[in-house]
Amino acid sequence: MRAALAPLLLAASSTRSLSVRRITTKMSAQGVLVTKAGQDGAQGDCPFTQYAAMSMQLAGATYTLRPTPQEEKPAWHVDAHGGSMPCWAPNGFEDGADAIADSGGIAKHFLAPTATDTAVMEQCGGLFKGIAMLLKNTDDAKDGELLAGLNDQLDKLEACAFAPYLSGAAPGLADAFVATKLYVLLVAGGHYKQFMLSERYPKVARYWAAVSAHPAFYRTRYPEAEMLHGWGEARGEGPGCAV
């Protein structure tokens with residue numbers, strides 16, 4: 001009897017061992033956020049990547065940041081997602097299963113939007129376009145018109161209810177969406193357009209002071225030098241584009 005059962009027991013043991021190895025491998029795989037690579041190989045300039053990463057931080061997610069030059073993108077990333085960044089690869093850099101190559105999709109995967117988030121993001125949906133149009137403009141004669149358009153978007157932000165964050169008592173999806181755009185406006189806008197928030201926006205100024213000091217924001221921000229380099233390229237001061 002024992003001799004007859006021995007092969008079956010051995011087979012069952014091998015199957016269990018294989019299952020354990022597979023489960024252990026899956027559990028040990030570290031999710032990777034694939035991002036644009038900067039000049040020195042660090043995280044490059046991208047407010048959309050910061051939007052995704054800040055949302056992940058607010059959700060308490062654990063992940064590895066992987067700045068990746070074009071030539072190092074894995075085949076699955078290029079073939080299935082066109083190499084778009086940021087890209088969330090939950091099973092690791094070499095495995096594209098269940099990957100998400102969209103900043104909004106990544107952010108909402110980790111932080112489900114509340115009704116407040118949805119309303120704020122809809123109201124402030126034109127903010128980044130207004131910022132980008134002003135920053136990319138190199139014709140000083142058009143700055144006044146573009147600044148007026150940007151002020152219209154800032155008026156919409158100023159009209160939001162801050163409690164003290166856009167999402168409520170604690171920062172949420174709407175904050176990750178807006179704060180990462182304000183970072184571009186205040187740093188690159190200040191550098192290229194001498195932009196400063198006017199007294200017309202006291203609520204936005206108080207909000208920025210609070211949200212920019214939050215760990216989820218400052219742990220995910222990319223270097224200002226990378227931002228200025230990227231927007232310099234977008235302005236025709238070098239190859240490439242910041243957006």
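These notes cover the structure that comes with them. Given the structure is predicted, the values throughout are model-derived calculations rather than measurements.

### Regarding helix H7 (residues 143-158)
- The terminal C-alpha atoms of H7 lie 22 Å apart, and with 16 residues this matches the ideal 22 Å at 1.5 Å per residue to within 8%.
- Taken together, the buried positions of H7 are Asp143, Leu146, Leu150, Asn151, Gln153, Leu154, Leu157 and Glu158. The buried residues of H7 occupy an angular sector of 165 degrees when projected down its axis, which confines them to one face. For H7, the exposed residues set more than 90 degrees away from the buried face come down to Gly144 and Glu145.
- Elements in contact with the buried residues of H7: helix H6 (127-136), helix H8 (173-193) and helix H9 (202-211).

### Regarding the side chain of serine 55
- Within the secondary structure layout, serine 55 lies in helix H2 (residues 47-58).
- Only 2.9 Å separates the side chain of serine 55 from the backbone oxygen of tyrosine 51, close enough to count as a polar contact.
- Look past the residues within four positions of serine 55 in its chain and what remains in contact with it is Ala107, Phe110, Leu111, Leu173 and Ala176.

### Thoughts on the pattern of salt bridges
- Counting across every chain of the model gives 4 salt bridges.
- Between aspartate 143 and lysine 193 there is a salt bridge; the shortest N-O distance is 3.0 Å. Residue aspartate 143 is found in helix H7, and its partner lysine 193 is found in helix H8; the two are separated by 50 residues along the sequence. In this pair, the class of aspartate 143 matches that of lysine 193, namely buried.
- Measuring nitrogen to oxygen at the nearest pair gives 2.7 Å for the salt bridge that ties arginine 200 to aspartate 155. With arginine 200 in the loop between H8 and H9 and aspartate 155 in helix H7, the pair connects residues that are 45 residues apart, well separated along the chain.
- The exposure class assigned to aspartate 155 is partly exposed, which follows from its relative accessible area of 28%.

So, how was this worked out
Residues numbered from 1 in each chain as written. Predicted model: local features only at pLDDT ≥ 70, side-chain atom pairs only at ≥ 80, totals over all residues. Heavy atoms only, no water. Helix = DSSP H or I, 4+ residues; strand = E, 2+ residues; numbered from the N terminus. Expected span 1.5 Å × (residues − 1). Buried < 20%, exposed > 50% of the residue type's maximum accessible area, 1.4 Å probe, protein only. Arc of directions from axis to C-beta. Contact = heavy atoms within 4.5 Å. Polar contact = N/O pair within 3.5 Å; in protein donor to acceptor, adjacent residues only side chain to side chain. Salt bridge = Lys/Arg side-chain N within 4 Å of Asp/Glu carboxyl O.

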